[in-house]
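Analysis of the macromolecular model
The chain contents come next:
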Amino acid sequence: MSLLDQPSQTLSESGGITGRQAWGLVGLLAAAVVAWLVFAVWPDWLNAILISKKAFVSAILNGITLAGLYFLVASGFTLIFGLMRNVNLAHGSLYLLGAYIGYEVTNRTGYWLLGVAAGFAVLAIVGVVMQVFVFRRLEGDDLRQTLVSIGISIVAADLMLAVWAGGTYQITTPEWLDGALTLPVITAVRSNGASVFLTYPLYRVVVLAAAIVIGVGLWLMLHKTRVGMMIRAGVDDRAMLQASGVNVHAVFAIVFAVGAGLAGFAGVVGGSALSVAPGEDVRYLLASLVVVIVGGMGSITGAAIGALLIGLAEQIGLVYFPTYGIVLTFVIMVVTLAVRPQGIMGKAR
Amino acid sequence: MSLAIATTSATPQRNWLEKLGAGHIILAVALVLYPLVASDFFLTQIGGYSLIFGMLGLSLMLLAGYGGMVSLAQITVAGIAAYAIAILGNNNSSILGLGWPWWLAVPFAVLAAALASALIGWISVRTEGIYTIMITLAIATATFYFAQQNYAIFNGHSGYTGIRAPVFWSVNWRDARPFYYLCLGLAALSYAAVLYGSRSTFGMTLQAIRDNPRRMRALGYHVTAHKVFAWLLAGVIAGLAGVLLVWFNGRVSPGTIGVDAAIDVLIIAVIGGLRHPIGPFLGAVVVVLMQTFAIDIVGAERFNTLIGMVFLVIVFVSPDGILGLWGRIKPHLAQESLRPGP
């Protein structure tokens, strides 16, 4: 395959621009259009088409910050899948459990950060327990692992319903995270010439920042550290890694702990931004599934791209065509599968 | 090849009774006579409901057992047929309800379901194994949310009510006994069709594709087309089940095609066993009995914990479900009689 590709690539290189460069140009052009849409003052006809500039920019910002949350959930999912070839369909339950634990701890102690830490730590432990007692026994048996994780999610959802009932909870964020940021984006110009600037909740920006920090951290861990090297080696050839003296079980347990912990962390963070209620587990499981299918299994960069696409599609859909918003997400998934069945950043199998 | 010839010459033309097998005859007689002993509640809530969910499980078994494609979207396919019946026929929700007679609405509903199933199959056959599960789950969930948000076609959150099984041949098919026989007839038809189909050329090809797609592709078979056709057939069975389901409930709403229901179908098929078409029906009886009577034991609240636990135990103990358990116990029972007493 690569041998056949070689000549055509050199040909096109000598001819002018490569496909990659062409896509880069398209991307730059799109970025320029979006930048103009965000920063320029809109003429009336554009306001008429896209409802209002405020609605448009808010949809974009909401999409990006929601993508941060989706990335947190999906990165844990893709991490666990990438190494252990194990679709943990109980991942949504981990998110919801993390959110409930974060709620309880924050409510009892009054410290939000303690709730966040508890959400991560408890779910990391739960993840290790699941790996050691359940998934390790079913190594290499994909279908049974999937079925067992579905069974676990059913039981977990029912038990959580028993403990926390069907109500909706909101995790209270500390004061220093409340309030709004005034962004350097003009939404409208008053008749007296004064500009109206867009304000945006600080908390959502912080969520996005946390997602970026964690994403970069995960990428560095996977690509620059010794543990990351082991993990990537384990993805490609588990038996060889074991033969070279690495305790594969320990590596797997660490990855499962990080992945499940991230789901719990996302639960607390998401539960503070939105709300905690039964049924959220399915919602975030769906989000992780679609993000990972679109982005490519086992790729952190892919999860980021997928999360951005899905988050933006969901929020823009919510503003401009509320009924068919979910269909937009679905169309993105189908188109991706049609063009690249392995996902945008996935490796060809 | 010579082996096949030898066996056919050794057993010359069996008659239809032998072909059918004693087990099937006993089962058929028992099921036909069941209404003589059962109350109306046992006829519809246990009998009819098990048969409907058995058919849904059967459509999954066809895909998973013979084609190696585990789908979580079978309830979605059934839901499309159910919604089609509500939209094309009559309903109480004063929206759509085109008022078609049943003999026109039912074929259209089943056709719509089969085409939808083929479409889902066409999307998901590009992938294998776990990926198929993930994509069909994503499709099922997306359809659920779409049905919930869309008021023009799906009537949003409340769905459609007041859908009734028709009256024809001077039989009121919504009565307990006729409805049970209707379910039994369609279930038996689907069961026989799957059993027959699995031994046909197409069935054999499909099983060969499941076992080694690369070799079949190299031999010149159109692998994707065979898989998509299997989805179409599974869609016909799921569509029939969907028609029965909407007549059974009298209503259809997004809850009917929710993720819980999608997983229920998988649970039924896996608990029963995916190796033989009878498995899903066994699983359906077990799950429906549990759903009905576990409430007396653990209370309505914690019922899902119980069913999840049973599911977990069965997946852990026997990957082939009840059929697998039976297959493991059977040789022991046979040997027991041969052994001398203690």
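Residues numbered from 1 in each chain as written. Chains lettered and ligands numbered in written order. Predicted model: local features only at pLDDT ≥ 70, side-chain atom pairs only at ≥ 80, totals over all residues. Heavy atoms only, no water.

As annotated in an unreviewed UniProt entry, chain B carries the name ABC transporter ATP-binding protein and comes from Rhizobium loti. Per UniProt, chain B has the following entry under Subcellular location (unreviewed entry): "Cell membrane". (UniProt positions renumbered as here; feature names shortened; annotations may be inferred.)

Structural notes on a nonpolar patch on the surface
Residue and element names in this part refer to chain B. Taken together, the side chains of Val-29, Val-32, Leu-33, Leu-36, Val-37 and Tyr-181 make up a nonpolar region of the molecular surface, amounting to roughly 580 Å² of accessible area. For the nonpolar patch, the leading source of residues is helix H3 (residues 22-37), giving 5 residues. Inspection of the secondary structure puts Leu-33 in helix H3. (Patch = residues over 30% accessible without salt bridge, like charges linked within 9 Å, V, L, I, M, F, W, Y side chains within 5 Å. Areas by Shrake-Rupley, 256 points an atom, 1.4 Å probe, with all protein chains shown as cover. Salt bridge = Lys/Arg side-chain N within 4 Å of Asp/Glu carboxyl O. Helix = DSSP H or I, 4+ residues; strand = E, 2+ residues; numbered from the N terminus.)

Structural notes on the pattern of salt bridges
All names here are of chain A. Scanning the model with the defined rule gives 4 salt bridges over all chains in all. Between Glu-104 and Arg-108 there is a salt bridge, with the nearest N and O atoms lying 3.0 Å from each other. Remark: Arg-108 and Glu-104 occur in helix H5 (residues 91-109); sequence separation between them is 4 residues, near one turn of the helix.

Quick look at the interface of chain A and chain B
At the junction of the two partners, chain A supplies 43 residues and chain B supplies 36 residues. Taken together, both faces of the contact between chain A and chain B bury some 3,600 Å²; the carbon and sulfur share is 79%. Across the contact surface, chain A and chain B share 0 salt bridges. Secondary-structure elements contributing two or more residues to the side of chain A that touches chain B are helix H4 (53-84), helix H7 (142-164), helix H12 (280-295) and helix H14 (325-339) of chain A. Here the side of chain A that touches chain B gets 15 residues from one element, more than from any other, and that element is H7 of chain A. (Contact = heavy atoms within 4.5 Å. Buried area = accessible area lost by both parts, 1.4 Å probe.)

Regarding helix H9 (residues 226-236) of chain A
Residues and elements named next belong to chain A. When H9 is considered as a whole, its buried residues turn out to be Gly-228, Met-230, Ile-231 and Gly-234. The buried side chains of H9 occupy one side of the element, clustering within an arc of 160 degrees when seen end-on. Exposed side chains of H9 directed beyond 90 degrees from the buried face belong to Arg-226 and Asp-236. Measuring from the backbone nitrogen of Gly-228 back to the side-chain oxygen at the start of H9 gives 3.1 Å, which picks out Thr-225 as the cap. (Buried < 20%, exposed > 50% of the residue type's maximum accessible area, 1.4 Å probe, protein only. Arc of directions from axis to C-beta. Polar contact = N/O pair within 3.5 Å; in protein donor to acceptor, adjacent residues only side chain to side chain.)

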